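# Examining the three-dimensional arrangement
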Amino acid sequence: MNRADKQTFEKIAFEYVDRLHGTALKLTRNSAEADDLVQETYARAFQHFGQFEQGTNFKAWIFRILVNTYINGYRRKERAPVLVDFTEMEPVFHEASQEVSFLNQPMDSLYERLDEEVKQALEKLPEEYRVVLLLASVEGFSYEEIAKMVGIPIGTVMSRLFRARALMRRNLTDYAKEHGLEEKSQ
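Bear in mind the structure is a predicted one, so any value in this text is a computation, not a measurement.

Another aspect to go through is helix α3 (residues 31-47). Side chains three or four residues apart in an α-helix point the same way, a direct result of the helix having 3.6 residues per turn. Its 17 residues give α3 an end-to-end C-alpha distance of 24 Å, which sits within 8% of 24 Å, the value for a rise of 1.5 Å per residue. Taken together, the buried positions of α3 are S31, A34, L37, V38, T41, Y42 and A45. Along the axis of α3, the buried positions cluster into a sector of 130°, meaning they face one direction only. Those residues of α3 that are exposed and aimed more than 90 degrees away from the buried face are Q39 and Q47. Where α3 begins, one side-chain oxygen reaches toward the backbone nitrogen of A32, 2.9 Å away; that side chain belongs to N30.

Pasting the structure below:
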């Protein structure tokens, strides 16, 4: 990579570091793993920057690298034996509330303002539903962008998003009633 390409990469890539970290944190649910995921994402993006087509959507390109890196790591972990050191466990959301959000503002995003019960319902979603819901509802990506990032057809994105929202509705029925948010029957 020549010096001009390196400067171009640095100029556009680091604009998204906070947003990538916020998404990585929501995917991994662990600050250290989120840091590693973002670092690996930037290493891969830098390595493959020559393949990026100037003038296209860099944000979608780098988020696709993030999601693919996460999915590949997740699959690797699924095959590996589970090792847990309970002495090092700590609440991820408390730690996340002390960090800077991916919107370059204090962790005041919609996600961070959610009640703990809502966050727990989100955590209960199957991984493939949670990823799509976070990318669509929190990050605001289009179905087409999500499909490219995750490597699935648009119809599958819509289906997973529909199912994720239905599961959230079902898991939060009591919460909605307690907070006066239930739908009125006609």
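Now, onward.
Attention now moves to the pattern of salt bridges. Working definition: two side chains of opposite charge can pair if their charged atoms are close together. On inspection of all chains with the given rule, the structure shows 6 salt bridges. Between E144 and K148 there is a salt bridge, and its shortest N-O distance comes to 3.4 Å. Of the two residues, E144 and K148 both sit in helix α9 (residues 143-150), 4 residues apart, roughly one turn of that helix. Assessed through its relative accessible area of 48%, K148 is described here as partly exposed. Within this structure, R29, E123, E127 and R130 form a network of salt bridges that share partners.

The next subject is the nonpolar core. Ranked by size, the top nonpolar core spans 47 residues in total, and within it F58, L135 and V150 carry the most contacts. When residues of this core are traced back to their parent elements, those giving at least two are α1 (3-13), α2 (17-28), α3, α4 (58-79), α7 (116-124), α8 (127-138), α9 and α10 (154-171). Tallying contributions element by element places α4 first for this core, with 9 residues. Shared between two domains, this core holds at least three residues of each, these being domain 1 (3-79) and domain 2 (89-185).

The terminal C-alpha atoms of α2, which comprises 12 residues, lie 16 Å apart, in line with the 16 Å expected from a rise of 1.5 Å per residue. With 10 of its 12 residues buried, α2 lies for the most part within the structure. Within α2, burial applies to R19, L20, H21, G22, T23, A24, L25, K26, L27 and T28. Trailing α2 by a residue or two, R29 shows a phi angle of about 60°, which is positive.

Reading the values: the criteria
- Residues numbered from 1 in each chain as written.
- Predicted model: local features only at pLDDT ≥ 70, side-chain atom pairs only at ≥ 80, totals over all residues.
- Heavy atoms only, no water.
- Helix = DSSP H or I, 4+ residues; strand = E, 2+ residues; numbered from the N terminus.
- Expected span 1.5 Å × (residues − 1).
- Buried < 20%, exposed > 50% of the residue type's maximum accessible area, 1.4 Å probe, protein only.
- Arc of directions from axis to C-beta.
- Polar contact = N/O pair within 3.5 Å; in protein donor to acceptor, adjacent residues only side chain to side chain.
- Salt bridge = Lys/Arg side-chain N within 4 Å of Asp/Glu carboxyl O.
- Core = buried A, V, L, I, M, F, W, Y, C linked by side-chain atoms within 4.5 Å.
- Domains from an automatic or database assignment.

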